[in-house]
Amino acid sequence: MNLTTLQKAKQAVFIKFSNVLQHLSQLVFCILLASILSMIEIISPIIPLTRHGVAEAVPINKYLSSLQVDKTLAVLEKARKFIATGSSFIPDISILRATLAPTIAPTFAPTFAPTFAPTLSFIGRVDFFFETQEVNLIKINIGDKKDSFVSPALECYKLGVEKAQQEKADYKGAVKHYSDALSKDGKFAEAHVSRGRAYSELGDHERAIKDYTMAMNVSPKFAEDNDRYVEPLLGRGTVYIKLGNYQAALDDFDLAVQLNPDFYDAYLGRAIIYIEQKDYQQAIKDLTEALNLTADNYPAAFLKRGSVWAELGEYEKAIEDFTQAIDSNADDANTYYADAYYKRGLANLKLSEPKKAIEDLNNAIKLDSKYYEAYDIRAIAHEALGEYEAANKDYISADYSKALLIYNLTGHSGMFAAVRSVAISSDGTTLASGSEDSTIKLWNLKTGQEINTLSGNSGSVLAVTFSPDGQTLASSGTEKTIELWNVSTGEEILTISGHFDWVRSLAFSPDGHTIVSASDDKTIKFWNIETGEQIRSFSGHSGYIKSLNFSPNNNIIASGSCDNSIKLWEVQTGKEINTLEGHQQCVRAIAFNPNGQTLASGSEDNNIILWDWQDNRQIRTFKGHSNAVTSLAFSPDGLNLVSGSDDKTLKVWDVQTGLSIITLFGHESYVESVAFSPDGKNIVSGGYDKTVKVWEMP
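Right, let's walk through the structure included here. What you see is a predicted model, and the numbers here were worked out from it, not measured in a lab.

Here we take up the overall build of the protein chain. For the protein chain, the count of helices and strands is 20 helices and 28 strands. In the protein chain, once contacts between residues fewer than 6 apart in sequence are set aside, the share between residues at least 24 apart is 52%. Carbon and sulfur atoms provide 48% of the accessible area of the protein chain, an area that totals close to 28300 Å².

As structure tokens, then:
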């Protein structure tokens with residue numbers, strides 16, 4: 001069947017459903033549809049009709065794929081439930097949509113719940129403020145105080161600003177120049193602030209906080225009133241937000257307001273905390289104060305206040321604020337236009353104004369053609385007007401998972417061929433997949449072509465990992481052994497024995513000299529990769545050990561177990577230095593952030609926890625999966641986290657806020673393993689459906 005025929009079939013089925021169901025009440029519709037589905041053994045009538053349920057219940061029409069059937073049935077369901085049900089408009093703090101894809105509504109929720117979550121947080125606003133402030137300070141003072149700019153410290157500082165201001169910011173280079181400036185003048189407050197911001201961008205929060213604190217103890221060079229210099233407080237408060245320490249952030253913003261009541265960014269920062277605490281009235285008060293101080297030319301504050309009004313059901317007031325953001329002529333206003341149009345469209349839909357909603361959503365999509373959430377909401381508006389064909393087209397456009405899928409690799413075969421582990425070489429060229437069919441396949445990540453098949457083990461392969469130089473691949477599984485392979489030749493180099501039960505997880509030390517294994521025998525063992533000799537063994541878990549990971553500095557190893565805990569071990573001594581407890585069920589996955597300061601863990605309790613492992617403190621919990629979290633991987637820059645789950649999806653999370661950026665569908669069964677490519681542009685996943693999928697990072 002060609003694409004045109006398929007499309008016509010899809011539209012015909014869609015219109016047929018729509019015309020019949022249009023005359024039925026929502027209750028009769030739900031009962032009838034559930035009964036029909038149950039009679040053909042697709043879904044029990046007592047189970048709510050959800051997108052997930054329909055996806056499981058596929059074959060209604062032999063001419064349509066499961067995704068198309070899902071979309072067809074979901075159109076009417078979502079449209080009828082959307083206006084009637086309450087929506088959470090501010091589930092959490094979010095970040096710049098300009099840099100990250102929109103958060104998509106939860107897949108498995110029984111009703112579609114669009115959100116007015118503020119998508120432009122104080123984190124982004126502070127960065128913008130510092131960037132413009134640094135440039136303005138130099139320009140102003142070069143003209144007004146020429147003598148003060150003879151300082152070698154200031155020349156170094158200016159070089160740092162230039163590095164940070166490049167189209168592709170070089171924060172490491174900026175840190176070097178700021179450090180040079182401070183070596184020449186240790187009491188240069190602005191250099192401390194700017195270096196603190198650069199450290200924050202690099203994920204080194206400890207050094208960022210130290211710099212902001214030092215800036216408060218010295219005098220600024222350019223401030224008109226030293227007593228009202230609050231930029232260090234705003235910077236430090238921002239870092240505290242990133243770390244989830246909201247009380248410390250609130251203390252800094254409170255002090256900033258006290259010292260400089262006219263500094264509007266302090267009110268915006270404090271409002272972010274109030275929104276997080278769901279103190280919406282106080283948030284509105286601070287946002288209003290920020291707007292009063294900026295002559296109403298503050299689009300970020302309008303966007304946030306409008307979001308809060310919408311959360312409170314005050315849609316008319318929300319629309320007024322979104323309109324102000326759209327009409328703003330601030331320097332950074334264009335950053336917010338797409339979000340403002342989208343949110344105003346959603347508010348209009350809440351007020352039963354689908355035509356106005358479509359007009360706004362058209363503008364949002366015109367500004368950002370990849371604003372998939374806007375396509376979804378526009379489809380609902382079209383359906384409310386009876387424009388079913390247009391609605392259908394928008395639902396197709398909103399199919400972001402299909403758009404992001406690059407390759408679907410199907411080389412593993414047999415009755416038992418689940419892909420249990422995937423790994424990518426350090427140069428980003430080779431992908432390895434280990435399967436229950438007892439083979440390991442090597443793939444060209446760029447082309448999707450199979451390179452080689454490694455076999456020689458009769459058991460299931462549960463773990464694969466590359467050495468840091470990419471020349472060696474290690475595998476393990478139900479045979480209780482570890483195999484080392486030459487990646488170039490495909491030959492087995494060494495077999496290591498010593499465990500007494502399945503070996504579920506492997507990790508090379510960052511220096512490549514040691515391989516570490518975790519087993520159902522509740523031990524962690526270190527091996528010499530040249531000789532296969534056991535170097536040391538750790539024990540302490542009371543349950544199966546499902547995962548382990550080396551810290552980037554090579555000194556610490558973390559392990560996750562079915563005793564519901566994560567343990568941190570000192571590599572050289574084998575000493576257990578910490579135990580993290582917070583999950584209610586087996587810990588299936590762990591991963592260190594590339595900066596080594598935080599650790600993520602995923603569990604059969606469906607949750608992910610981000611830890612400050614040194615202080616034994618939970619930073620935040622990532623919630624959204626409806627089944628066990630089986631695998632985790634950080635992006636190379638540490639800003640994003642990808643998770644795989646037994647709910648058959650992958651989720652990409654913003655680490656700083658804990659929000660899901662996007663949910664990827666496509667696996668037909670459990671997702672067992674995920675990995676990020678070294679350049680951060682691709683995500684790889686493997687699952688029980690016997691496939692390996694390569695995705696484009698949104």
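For the rest of this paragraph, the subject is the pairing of strand β9 (residues 492–497). The side chains of a regular strand alternate between both faces of the sheet. Sheet topology places strand β8 (residues 481–486) next to β9; 5 bridges connect them, and they run antiparallel. Bridging from a neighbouring strand, Leu-484 pairs with Leu-494 of β9. Here β8 hands over to β9 after 5 residues, with Gly-490 in that stretch at a positive phi of 80°.

Take helix α16 (residues 337–350) next. Spanning 14 residues, α16 covers 20 Å between terminal C-alpha atoms, matching the ideal 20 Å at 1.5 Å per step. In terms of burial, α16 is a largely internal element, 13 of the 14 residues being buried. Downstream of α16 by a residue or two, Ser-352 has a phi angle that is positive, lying close to 60°.

The next point concerns the packing of aromatic side chains. Using the criterion set out here, one finds 10 aromatic pairs in the structure. Consider the rings of Phe-263 and Tyr-264, whose centres lie 6.4 Å apart with planes at 20°: the pair is stacked. What makes Phe-263 buried here is its relative accessible area of 13%. Note on Tyr-264: relative accessible area 27%, which makes it partly exposed. The interplanar angle of 85° and the centroid separation of 5.9 Å between the aromatic rings of Phe-592 and Trp-613 together place this pair among those described as edge-to-face. Of this pair, Phe-592 sits in strand β18 (residues 587–592) while Trp-613 sits in the loop between β20 (608–612) and β21 (617–622), and the two are 21 residues apart along the sequence. For the residue pair Phe-592 and Trp-613, the accessibility class agrees, reading buried in each case. Over the face of the ring belonging to Phe-526 we find Arg-536, whose NZ or CZ atom lies 5.4 Å from the ring centre.

It is worth spelling out the sheet that holds strand β13 (residues 534–539) at this point. Spatially, 4 strands are ordered β10-β11-β12-β13 in an open sheet, and the strand pairing comes out antiparallel. Because the sheet does not close on itself, it has two edges, and the strands there are β10 (503–508) and β13. Direction aside, neighbouring strands of the sheet carry axes that sit 20° apart on average. With 5 bridges joining them, β10 and strand β11 (residues 514–519) adopt antiparallel strand pairing. Within β11, the position partnered with Ser-505 by the bridge is Ala-518.

Once that is clear, we can look at the packing of helix α15 (residues 315–327) against α16. For the pair α15 and α16, the least separation of the axes is 9 Å and the interaxial angle reads 160°. One element, α15, and the other, α16, form an angle in the roughly antiparallel class. The two elements α15 and α16 meet at a crossing, and its hand is left-handed. Contacts from Tyr-315, Ile-319, Phe-322, Thr-323, Ala-325 and Ile-326 in α15 reach Tyr-337, Ala-340, Tyr-341, Lys-343, Arg-344, Ala-347, Asn-348 and Lys-350 in α16. Residue composition of the contact of α15 with α16, by class: 9 nonpolar, 2 polar and 3 charged.

Right, let's get into the pattern of salt bridges. Scanning all chains against the criterion turns up 21 salt bridges. A salt bridge links Glu-436 to Arg-420, with the shortest nitrogen-to-oxygen separation between them at 2.7 Å. Of this pair, Glu-436 sits in the loop between β3 (430–435) and β4 (440–444) while Arg-420 sits in strand β2 (residues 419–424), placing them 16 residues apart in sequence. With respect to class, Glu-436 is no different from Arg-420; both count as buried. A cluster of three or more residues bridged by salt bridges with shared partners is formed by Arg-420, Glu-436, Arg-588, Glu-604 and Glu-672.

Here is what the cut-offs are and how they apply
- Numbering of residues starts from 1 in every chain and runs along the sequence as written.
- Selection of residues for local features in this predicted model requires a pLDDT of at least 70, selection of side-chain atom pairs for listing and counting requires 80 or more, and totals for whole chains, interfaces and linings are taken over all residues.
- Where side-chain values are given, they derive from all heavy atoms of the structure, hydrogens and water being excluded.
- Only DSSP runs of H or I reaching four residues or more are called helices, and only runs of E reaching two or more are called strands; each is numbered from the N terminus.
- In what follows, residue pairs with any heavy atoms lying within 4.5 Å of each other are defined as contacts.
- Per-residue accessibility takes into account occlusion by the displayed protein chains alone, with areas from the Shrake-Rupley method and a 1.4 Å probe.
- A strand pair is defined by DSSP finding two or more bridges across the two strands.
- A helix is expected to reach a length of 1.5 Å times the quantity of its residues less one.
- Relative accessibility decides the category of a residue: with a 1.4 Å probe and only protein chains considered, values under 20% of the type maximum give buried, values over 50% give exposed, and everything between is partly exposed.
- Two rings from Phe, Tyr or Trp (for Trp, the six-membered ring) form a pair when their centres sit within 6.5 Å of each other. Planes less than 30 degrees apart are called stacked, planes more than 60 degrees apart edge-to-face, and all others tilted.
- Geometrically, a lysine NZ or arginine CZ counts as sitting over a ring once it is within 6 Å of the ring centre and also within 35 degrees of the ring normal.
- Comment: axis = line fitted to C-alpha atoms, over the contacting stretch for helices; angle = value between 0 and 180 degrees taken between N-to-C directions.
- For classification purposes, angles smaller than 35 degrees are called roughly parallel, those larger than 145 roughly antiparallel, those between 65 and 115 roughly perpendicular, and all remaining angles oblique.
- In this scheme the handedness of a crossing depends on how the near helix is turned from the far one: anticlockwise by less than a right angle means left-handed, clockwise means right-handed.
- When residues are sorted by character, Ala, Val, Leu, Ile, Met, Phe, Trp, Tyr, Cys and Pro go into the nonpolar class, Asp, Glu, Lys and Arg into the charged class, and all the rest, Gly among them, into the polar class.
- Between Lys or Arg on one side and Asp or Glu on the other, a salt bridge is scored when a side-chain nitrogen of the former is within 4 Å of a carboxyl oxygen of the latter.

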